[in-house]
Amino acid sequence: MKQYVVDAFTNVIFKGNPAAVCILDAWLEDDLLQAIAKENNLSETAFAVITGESQYHLRWFTPTDEIDLCGHATLATAFVLFNYYQCGAETITFDTLSGKLIVAKNGDRYQLDLPSYELKEVAVTDEMADILGVRPLEAYMGRDLVCVLPDEKFVTEYLPDGGKLASLDGMLVHITAKSTDYDCVSRSFAPKIGILEDPVCGSGHCHLVPLWSKKLNQQHILAYQASDRSGVLYCNYHGERTRISGEAALYSIAELQINN
């Protein structure tokens, strides 16, 4: 079985967020899919099976769990399909746990049409301040917890402790601040699902883009994820949908020795 590793939200390898991608003829057992994701030990491994013309069923697995939405692995899968399986296609539609997701190729970028998360403002707690090393200005809950920090230096200089972060509410924890060079800067942590830090989190920006679009009163958001690998996301907020564009770079193509 062929497997691709693609660095998403970057145009050079060793940056952005790596995802493994397997395009299958038919579904394997869930235990085997999870074992492959665990063996890869990347934040996500994506599996896709064709269901129609330029249409695929897409699933995402962390090293420990199947998840409901992953932006960077969707981008990586689209990159593989556009370049190796659907070379003449203009769009690809994915059927997922988060509904239909459409990816369009636009030059060197791939535009993802994703669902926006509805955010509810929650109280800032002493526990948040203790774990993050600074008291957030605001906190919001969607699928994930979002903490708005006073300055971007608190985002870029933060040293995460997975055990402490896992005690906070939400599946992931995102810290963010207004940026000097971009509209916003962020980092994303997911110790509850086996990932200390997600290098560039597309689903996280389905929280962050609605938040910053309203704060800055602008539809377009240029976002920077300040992990060690880093990545840039070109985003547009459309109410119930968030469009996120980025580039991708192929790192490897491998043959998995899987005995069905």
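Here the structure is a predicted model, which is why all the values come from computation and not from measurement. (Residues numbered from 1 in each chain as written. Predicted model: local features only at pLDDT ≥ 70, side-chain atom pairs only at ≥ 80, totals over all residues. Heavy atoms only, no water.)

J.: What is the right way to look at the overall build of the protein chain in this model?
T.: Along its length, the protein chain carries six helices and 18 strands. Its C-alpha radius of gyration of 18 Å places the protein chain within 12% of the 18 Å reference for a compact globule of 260 residues. Oriented by its inertia axes, the alpha-carbon framework of the protein chain measures out at about 50 × 35 × 30 Å. Taking all contacts inside the protein chain whose residues are at least 6 apart in sequence as the whole, residues at least 24 apart take part in 61%. As displayed, the protein chain offers around 11,400 Å² of accessible surface, 46% of which is attributable to carbon and sulfur atoms. (Helix = DSSP H or I, 4+ residues; strand = E, 2+ residues; numbered from the N terminus. Rg over C-alpha atoms; globule rule 2.2 N^0.38 Å. Contact = heavy atoms within 4.5 Å. Areas by Shrake-Rupley, 256 points an atom, 1.4 Å probe, with all protein chains shown as cover.)

J.: For this particular structure, what's the right way to read the packing of aromatic side chains?
T.: Working definition: an aromatic ring pair is given by the centre-to-centre distance plus the angle between the planes. Within the structure shown, the criterion is met by eight aromatic pairs. Between Y4 and Y84 the ring centres are 5.2 Å apart and the planes differ by 35°, which places this aromatic pair in the tilted class. Taken as a pair, Y4 in strand β1 (residues 2-8) and Y84 in helix α2 (residues 71-85) lie far apart in primary sequence, 80 residues in all. Taking the centre distance of 4.9 Å and the plane angle of 10° together, the rings of Y182 and Y224 count as stacked. Pair noted here: Y182 is in the loop between β12 (173-178) and β13 (184-190) and Y224 is in strand β15 (residues 220-225), with a separation of 42 residues, a long-range link. Judged by its relative accessible area of 23%, Y224 falls in the partly exposed class. (Phe/Tyr/Trp six-rings, centres within 6.5 Å; stacked < 30°, edge-to-face > 60°. Buried < 20%, exposed > 50% of the residue type's maximum accessible area, 1.4 Å probe, protein only.)

J.: Explain a nonpolar patch on the surface here, please?
T.: Residues I13, F14 and Y251 make up a contiguous nonpolar surface patch of roughly 310 Å² in combined accessible area. Counting through the fold element by element, I13 comes out in the loop between β1 and β2 (17-24). (Patch = residues over 30% accessible without salt bridge, like charges linked within 9 Å, V, L, I, M, F, W, Y side chains within 5 Å. Salt bridge = Lys/Arg side-chain N within 4 Å of Asp/Glu carboxyl O.)

J.: Even after reading the chapter, I still don't get the nonpolar core, so can you show me in this structure?
T.: Generally speaking, nonpolar side chains in soluble globular proteins are found buried as a group. In terms of nonpolar packing, the biggest core is built from 54 residues, with W60 and F94 touching the most fellow members. No other element matches α2, which puts eight residues into this core. With residues up to four places along the chain from it excluded, the contact list for F94 reads Y56, L58, T74, T77, A78, L81, G99, K100, L101 and V103. Formed by 18 residues, the second largest nonpolar core is a distinct cluster that contains L132, L145, L165 and A226. (Core = buried A, V, L, I, M, F, W, Y, C linked by side-chain atoms within 4.5 Å.)

J.: What's the story with the pattern of salt bridges in this structure? I'm lost.
T.: Think of it this way: side chains of opposite charge can pair up when their charged atoms draw near. Evaluation of the coordinates by the stated rule reveals 12 salt bridges. E138 is the partner of K215 in a salt bridge, and the nearest nitrogen-oxygen pair spans 2.6 Å. Of the two residues, K215 sits in helix α6 (residues 202-216) while E138 sits in strand β10 (residues 138-141), which places them 77 residues apart along the sequence. A salt bridge links E197 to R187, with the nearest nitrogen and oxygen atoms 2.9 Å apart.

J.: Can you help me understand the pairing of β10 in this one?
T.: The side chains of a regular strand alternate, residue by residue, between the two faces of the sheet. In terms of strand pairing, strand β9 (residues 120-122) meets β10 through three bridges, oriented antiparallel. Paired with K120 across the two strands is M141, which belongs to β10. Bridging between β10 and strand β11 (residues 145-148) involves four bridges; their strand directions are antiparallel. Residue pairing across strands places E138 opposite V148, the latter belonging to β11. Counting the residues between successive antiparallel strands, the hairpin from β10 to β11 contains three residues. (Pairing = 2+ DSSP bridges.)

J.: Can you help me understand the side chain of T10 in this one?
T.: Looking at the secondary structure, you find T10 in the loop between β1 and β2. At a separation of 3.1 Å, a polar atom in the side chain of T10 contacts the main-chain carbonyl oxygen of V12. Setting aside its immediate chain neighbours within four residues, T10 contacts K15, G16, E247, A248 and A249. (Polar contact = N/O pair within 3.5 Å; in protein donor to acceptor, adjacent residues only side chain to side chain.)

J.: Would you explain the state of the cysteines in this entry?
T.: The term disulfide refers to a covalent linkage connecting the sulfur atoms of a pair of cysteines. Applying the stated criterion across every chain yields a total of zero disulfides. Free of any disulfide, C70 has its nearest cysteine sulfur in C201, 7.0 Å distant. (Disulfide = S-S within 2.5 Å.)

J.: How do you make sense of the pairing of β11 when you look at a structure like this?
T.: Neither face of β11 is left uncovered, since the one carrying L145 and C147 and the one carrying V146 and V148 both have all their residues buried. When β11 meets β12, the two strands line up parallel, connected through four bridges. Pairing of V148 across the sheet is with T176, part of β12.

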